[in-house]
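Below are the chains, spelled out letter by letter.
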Amino acid sequence: MPQVMQKALGFLLYREPKNEEHGFELLEGDNEGMTNPAESGGAPAGQERGKQRPDSASGRTATQDKKADSRPDDTGGFERQRKGRPSRTRDGGAPGPCQPPEDPEFVSSRLCDNIETIKRKFHMPRNQDISIRQFKIGWKVDACLCYIDGMIDKDTLSLSVLPRLMSREILQELGRRCPADVLIESVLTVYKAEKQNRFTEIIMQMLRGATILFIDGCAECVMIDTAGFETRSIDQPVTEKVVQGSQEGFTENLGTNVTLLRRIIKNENLIVETVTVGKADNNTAAILYHDEFANPEVVQEVKKRISRINTDFIPGEGVLQQYIEDNSFMLFPQMISTERPDRAASFIMEGLVVIIAEGTPFALAAPVTFFRLLHSSEDINTRWIYGTFLRLVRIFGLFCATFLPGLYTAIVMFHAEVIPTELLISIAQAKEPVPFPTIVELLILEFAFELIREGGIRVPSAIGQTLGIVGAIILGQAAVTAGLVSPVVVIIVSITALGSFTIPNYEFGLAVRLERFLFVAVGVTLGIYGITLGIFALSVLACGMKSFGVPFFMPVAPKTKAAAPDVIARRPIWTQKSRPDSKQSANRQRQGSNVRNWSQT
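Residues numbered from 1 in each chain as written. Predicted model: local features only at pLDDT ≥ 70, side-chain atom pairs only at ≥ 80, totals over all residues. Heavy atoms only, no water.

Here we look at the state of the cysteines
- Applying the stated criterion to the full structure yields 0 disulfides.
- Cysteine Cys146 remains unbridged, with the sulfur of Cys144 as its closest cysteine sulfur at 4.0 Å.
- In this structure Cys221 is a free cysteine whose sulfur lies 8.6 Å from that of Cys218, the closest cysteine sulfur available.
- According to the relative accessible area criterion, Cys221 is buried, its value standing at 0%. (Disulfide = S-S within 2.5 Å. Buried < 20%, exposed > 50% of the residue type's maximum accessible area, 1.4 Å probe, protein only.)

Written out as structure tokens, the structure reads:
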């Protein structure tokens, strides 16, 4: 019996397996649970091993090099070493081996030191996409070009940089000054080249596609802009299609996106400030605003929040938004996202601050209000009557997508007396063969439609729309034929799905889809009283929200002194003479007093 208990106990206890041939298991290390192993009081194990790592150029370890350096080659060198003044020469003045500092801050005047520093920082030769091209400027001065394969335009390097540098004619232009000045002013034919002596900035520009030119005897390098990596061409927007208006969308390239906005807003007051986000990936983001229209306090708040983000990886605007939004526990989005340059330009001209991050074809705008989430770029491109009609349709769609399933459940289960008799009889007859209660058949169809919608997004676009339509028809018909749901519930869920498609903002649509299930829950629990209580609670929470200091329901709650005539119902565009007061712009005047001078006699 004790042996049986011991065997049973052995199944519950973990035992480290034997180290068999070709076996591997990742076990808990010494630094497990530490936020930063460097702060544990000792160097990490990898760092200790790195001290004996062979050098990539000589194949010797750092300890061996240190011992070799301490050997006196001559009496003078030994004395200089002893007194703390290390010698740079050996054997009668011959240059010694390259021994740059462990982590140098500035560029050295010795070319070999700079090459070794680049190799160390990029972990060569393990990092195999780093190229170092050594040559002689004018067949005389030693130099090298450092770049990352795939990040540069090789035609620019081969046609505009190397032929000019290797020509003998430039020897006449090289004087006593640092060759970097002469190369920038008279030799290099690229559109952007500048000097730099700090390795921090050099490494950053190299990672962004620049080619670094190191020259022997010069304590500065030349950063040549040769970025030429592949990018996606400008295409139509995917999530914000319109009938009238621009058909251009943002791309994943930050420079292209900024250029698209510059093409629309040809004004010297359009400010573009670039910042670096993410400590490890060093992604680039651009903050755009109009210097005369944007509120300076909002601009400073946006820059403060972005600059204080302390994280390693920010791949795009979606992650950036989650770090700088006011309240992460609210369903409603507190920043508006768009992939249309024309809409982003309209945000800037109304006093908003636009943020574009490298890597995603979307732009963020702040601050945002509830009514802004219901607007579309097509509203401004159509006459005010049509724009008002489209907004009313969206509001009706929002009501159906949010409240219709919950209202149907509450009325059928608790308040059947409010339904007309003929309609109530039809509902009862249709529901008679269904073995499930109303809430169960409603949830079955709701989750089925959510699966169809999600599946239609993930499959290839050529069949995604067909899959959604055909799948919904077949699924609904099969469910009714099998007696799992009643036809009335199919109609309710279909209208709800169509209403959610009218919401122009994707994140706002996700919030509405979640709210729908909340109202179904309170409707099946408390009936109409639960729906009323849910609306009240949601309104209280939404009215307490703020987006960069601006109340979410402004200019309705609280009502501003000068509300813009473009909240729900649009007015003729020539009557919208002021910008929205919710942005508190320094210059609220949008149009002059006589907009249509031709109409006056």
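Quick look at the packing of aromatic side chains
- Tallied over the full model, the rule gives 13 aromatic pairs.
- By way of ring pairs, the aromatic residues Phe332, Phe370, Phe371, Phe508, Phe552 and Phe553 are connected into one cluster.
- Stacked on the ring of Phe548, the Lys or Arg Arg305 has its end atom at 4.2 Å from the ring centre.
- A cation over a ring is seen here: Arg516 above Phe517, with NZ or CZ 5.8 Å from the ring centre. (Phe/Tyr/Trp six-rings, centres within 6.5 Å; stacked < 30°, edge-to-face > 60°. Lys NZ or Arg CZ within 6 Å of the ring centre and 35° of its normal.)

Quick look at the packing of helix α16 (residues 438-458) against helix α18 (residues 487-501)
- Between α16 and α18, whose axes approach to 10 Å, the crossing angle comes to 40 degrees. Here α16 is positioned oblique relative to α18, judged by the angle of their axes. α16 and α18 meet at a crossing whose hand is right-handed. In this structure, α16 contributes Glu441, Leu442, Leu445, Glu446, Phe449 and Arg453 to the contact, and α18 contributes Val489, Val490, Val493, Ser494, Thr496, Ala497, Ser500 and Phe501.
- Here the residues of the contact of α16 with α18 sort into 8 nonpolar, 3 polar and 3 charged. (Axes fitted to C-alpha atoms, helices over the stretch in contact; angles between N-to-C directions. Helix = DSSP H or I, 4+ residues; strand = E, 2+ residues; numbered from the N terminus. Parallel < 35°, antiparallel > 145°, perpendicular 65-115°, else oblique. Left-handed = near helix turned anticlockwise from the far one by under 90°. Contact = heavy atoms within 4.5 Å. Nonpolar A, V, L, I, M, F, W, Y, C, P; charged D, E, K, R; others polar.)

Notes on the environment of Pro100
- Structurally, Pro100 can be placed in the loop between β2 (94-95) and α5 (111-121).
- Overall, Pro100 belongs to the buried group, its relative accessible area being 8%.
- C-alpha of Pro100 to C-alpha of Ile115: the two residues are 15 residues apart in sequence and 9.4 Å apart in space.

As for helix α19 (residues 506-526)
- With 21 residues, α19 extends 30 Å from end C-alpha to end C-alpha; this agrees with the ideal 30 Å at 1.5 Å per step.
- Within the sequence span of α19, burial applies to Phe508, Gly509, Ala511, Val512, Arg513, Glu515, Arg516, Phe519, Val520 and Gly523.
- Those residues of α19 that are buried are in contact with α14 (384-414), α16, α18 and α20 (528-543).
- Just beyond α19, the residue with positive phi is Gly527, at close to 75 degrees. (Expected span 1.5 Å × (residues − 1).)

Quick notes on the packing of α14 against α19
- Relative orientation of the contacting elements α14 and α19 amounts to 10 degrees, with a least axis distance of 8 Å. In terms of orientation, α14 and α19 fall into the roughly parallel class. In this structure, α14 uses Leu398, Ala401, Thr402, Phe403, Pro405, Gly406, Thr409, Ala410, Met413 and Phe414 to contact α19, whose residues at the interface are Phe508, Val512, Glu515, Arg516, Phe519, Val520, Gly523, Val524 and Thr525.
- The residue inventory of the contact of α14 with α19, partitioned by class, reads 12 nonpolar, 5 polar and 2 charged.

Describing the pairing of strand β6 (residues 210-215)
- For β6, the tally of buried residues reaches 6 of 6 residues, placing the bulk of the element in the interior.
- Residues Ala210, Ile212 and Phe214 point to one face of β6 and Thr211, Leu213 and Ile215 to the other, with burial holding for every one of them.
- In this structure, strand β4 (residues 141-148) lies alongside β6, joined through 4 bridges in antiparallel fashion. Within β6, the residue paired with Ala143 across the bridge is Ile215.
- Where β6 and strand β7 (residues 221-225) come together, 4 bridges link them in antiparallel fashion. Across the sheet, the residue bridging to Ile212 is Met223, located in β7.
- Between β6 and β7, which pair antiparallel and follow one another directly, the connecting turn spans 5 residues, one of which, Gly217, has a positive phi of 90 degrees. (Pairing = 2+ DSSP bridges.)

Quick word on the sheet that holds strand β5 (residues 193-196)
- Read across the sheet, 5 strands follow the order β3-β4-β6-β7-β5 without closing on themselves; strand pairing throughout is antiparallel. One side of each edge strand has no neighbouring strand; the edge strands of this open sheet are β3 (130-137) and β5. Each adjacent strand pair in this sheet contributes to an overall mean axis angle of 25 degrees, direction not counted.
- Where helix α6 (residues 154-165) meets the sheet, it contacts β3, β4, β6 and β7, and its direction lies at approximately 35 degrees from that of β3.

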